[in-house]
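Take a look at the letters that make up each chain.
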Amino acid sequence: AKVEEKLFQNRYLVDAGRPHIKVKAHTTPSASLLAMTTLCPAGCYTQTESGQVEVAADGCLECGTCRIVTRKTGEIEWNYPRGGFGVLYKFG
Ligand code: SF4
């Protein structure tokens with residue numbers, strides 16, 4: 001099955017008003033941050049018309065890629081979601 005079909009089987013509980021990933025304010029994203037617009041498996045990162053990179057953490061798989069990729073630039077704040085929120089993986 002395509003990855004989108006598999007992802008559809010996971011449920012995602014949004015912790016409203018408490019996003020667990022934030023992109024810090026910036027005028028120009030680093031190459032690492034910009035790369036997240038193609039690297040994030042859940043498509044959470046997008047580039048605005050004015051060039052900044054935004055994250056919409058709904059649907060985040062908590063894979064940690066964005067945290068690793070931007071660990072040297074420090075452009076994002078990343079925390080695991082509070083207990084009970086975030087991705088609920090379905091097994092089997
Ligand atoms: Fe995307 Fe993974 Fe970062 Fe979540 S943790 S926003 S799925 S790269």
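Below is a summary of the structure that appears in this document. (Residues numbered from 1 in each chain as written. Predicted model: local features only at pLDDT ≥ 70, side-chain atom pairs only at ≥ 80, totals over all residues. Heavy atoms only, no water.)

For the ligand, the set of nearby residues contains 14 residues, the closest of which are C40, C60, C63, G64 and C66. Given that more than half its atoms are within 2 Å of the pocket grid, the ligand belongs to the largest cavity. Residue composition of the shell around the ligand, by class: eleven nonpolar, two polar and one charged. (Near = heavy atom within 4 Å. 1 Å grid on protein atoms, 1.4 Å probe; cavity = no way out; pocket = protein on both sides within 12 Å on 5 of 7 lines; lining within 4 Å. Sits in = over half its atoms within 2 Å of the grid points. Nonpolar A, V, L, I, M, F, W, Y, C, P; charged D, E, K, R; others polar.)

Here the focus is the side chain of H20. Examined against the element boundaries, H20 turns out to sit in the loop between β1 (11–13) and β2 (21–23). H20 sits in the buried class, given a relative accessible area of 7%. Leaving out residues up to four positions away in the same chain, H20 has contacts with Y12, A57, C60, E62, E77, W78, N79, Y80 and P81. (Helix = DSSP H or I, 4+ residues; strand = E, 2+ residues; numbered from the N terminus. Buried < 20%, exposed > 50% of the residue type's maximum accessible area, 1.4 Å probe, protein only. Contact = heavy atoms within 4.5 Å.)

Here we take up the nonpolar core. Core analysis: the largest hydrophobic core is formed by twelve residues, namely I21, L33, M36, C40, C44, Y45, V53, A57, C60, C66, I76 and W78. Counting residues per element, the ones that place at least two in this core are α2 (31–39) and β5 (76–78). Sequence-distant contacts of I21, that is, excluding residues within four places in its chain, are made with Y45, V55, A57, C60, C66, I76, E77 and W78. (Core = buried A, V, L, I, M, F, W, Y, C linked by side-chain atoms within 4.5 Å.)

We now examine the environment of V14. For V14, the location among the structural elements is in the loop between β1 and β2. Residue V14 is classed as partly exposed on the basis of its relative accessible area, which comes to 43%. A C-alpha to C-alpha distance of 24 Å links V14 and T70, two positions 56 residues apart in sequence. Each residue touching V14, except ones within four places of it in the same chain, is listed here: D58 and F85.

Considering all chains together, one arrives at one cavity of 30 Å³ or more under this definition. What the largest cavity holds in volume is close to 80 Å³. Around the largest cavity, the lining is made up of 15 residues, and of these I21, C40, C60, C63 and C66 lie nearest the centre. Looking at the lining of the largest cavity residue by residue, the classes come out as twelve nonpolar, two polar and one charged. (Points joined across faces, edges and corners; volume = space filled by probe spheres on them.)

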